[in-house]
Amino acid sequence: MKKAQDYSSILEETGIRPTSTRLLIYEAIAGTKDTFSLGSLEAQLQSIDKSVIFRTLTLFHEHRLIHSVDDGSGSLKYCLCHNHGHCTNEEEHCHFYCECCGKTYCLDQDLIPHVDIPEGFIARKVNYIVKGTCAECAKHISPTRCPNKGKPSR
Ligand SMILES: [Zn+2]
Ligand SMILES: [Zn+2]
Ligand SMILES: [Zn+2]
């Protein structure tokens, strides 16, 4: 795990002034494995105003420090960019959405496959989601009878 001063240089490199609140939020994100939602981050950082968390998340996203993932669950999720903002669209990784527990995993090793788009089209964002049952859920259940089903997704 990196130290706070390393985080501030990461923010500075992308042109974000590293205030203590921003560093606290970035640290929480960096310590999160796989993806998180705005709601789960708010729950984790109860001392920070929700609107501040939202604005900071938007700022980080604009500077590509985090990736956004639309996993079809209805709530947008985010994950840390391990290239610290230097990912192009093509370098974004794939995700795995567990239909059982609602968790979205980062498949860091798997980059989104290249898609040829027709001439004149401008791609803005690519999401690549594999859906199914995660290893944790698969251990306990047959996919149709998931004990976790109905729990709020994170
Ligand atoms: Zn990235
Ligand atoms: Zn699962
Ligand atoms: Zn991810």
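Residues numbered from 1 in each chain as written. Chains lettered and ligands numbered in written order. Predicted model: local features only at pLDDT ≥ 70, side-chain atom pairs only at ≥ 80, totals over all residues. Heavy atoms only, no water.

Let's talk about helix 4 (residues 50-62)
- Helix length check: helix 4, at 13 residues, gives a terminal C-alpha distance of 18 Å against a target of 18 Å (1.5 Å per residue), a fit within 8%.
- Within helix 4, the full set of buried residues consists of Ile53, Thr56, Leu57, Leu59 and Phe60. Projected down its long axis, helix 4 carries its buried residues within an arc of 160 degrees, all on one side. Those residues of helix 4 that are exposed and aimed more than 90 degrees away from the buried face are Lys50, Arg55 and Glu62. (Helix = DSSP H or I, 4+ residues; strand = E, 2+ residues; numbered from the N terminus. Expected span 1.5 Å × (residues − 1). Buried < 20%, exposed > 50% of the residue type's maximum accessible area, 1.4 Å probe, protein only. Arc of directions from axis to C-beta.)

Focus: a nonpolar patch on the surface
- Judged by side-chain polarity, Val115, Ile117 and Phe121 come together as a nonpolar surface patch covering roughly 320 Å² of accessible area.
- Within the secondary structure, Phe121 sits in the loop between strand 5 (104-111) and strand 6 (129-132). (Patch = residues over 30% accessible without salt bridge, like charges linked within 9 Å, V, L, I, M, F, W, Y side chains within 5 Å. Areas by Shrake-Rupley, 256 points an atom, 1.4 Å probe, with all protein chains shown as cover. Salt bridge = Lys/Arg side-chain N within 4 Å of Asp/Glu carboxyl O.)

Regarding the coordination of the zinc ion (ligand 2)
- Looking at the zinc ion (ligand 2), the protein donor atoms are Cys98 (SG), Cys101 (SG), Cys134 (SG) and Cys137 (SG), and they sit 2.3 Å from it.
- Look at where the donors of the zinc ion (ligand 2) fall in the sequence and you get C-x2-C-x32-C-x2-C. Separated by 39 residues along the polypeptide, Cys98 in strand 4 (residues 93-98) and Cys137 in helix 5 (residues 135-140) bring together distant segments of the chain.
- Classification of Cys98 as buried rests on a relative accessible area of 0%.
- The exposure class of Cys137 is buried, given its relative accessible area of 3%. (Donors = N, O, S within 2.8 Å, 3.2 Å for Na, K, Ca; no water.)

A short note on the environment of Thr88
- Relative to the assigned elements, Thr88 resides in the loop between strand 3 (77-80) and strand 4.
- In this structure, the C-alpha to C-alpha distance between Thr88 and Arg64, residues 24 residues apart in sequence, is 9.0 Å.

Concerning unusual backbone geometry
- Of note in this structure, Arg64 is not a glycine but carries a positive phi near 65 degrees.
- Checked against the element boundaries, Arg64 lands in the loop between helix 4 and strand 2 (66-69).
- Since its relative accessible area comes to 34%, Arg64 is described here as partly exposed.
- Phi is positive for His84, close to 50 degrees, though the residue is something other than glycine.
- Its location among the elements puts His84 in the loop between strand 3 and strand 4.

Concerning the environment of Leu76
- Relative to the assigned elements, Leu76 resides in the loop between strand 2 and strand 3.
- The sequence separation of Leu76 and Gly39 amounts to 37 residues, and the corresponding C-alpha distance is 9.8 Å.
- Setting aside residues up to four positions removed in sequence, Leu76 forms contacts with Phe36, Ser37, Leu38, Ser68, Val69 and Asp70. (Contact = heavy atoms within 4.5 Å.)

Note that every value here comes from positions in space, so none of it alone points to a role or purpose.
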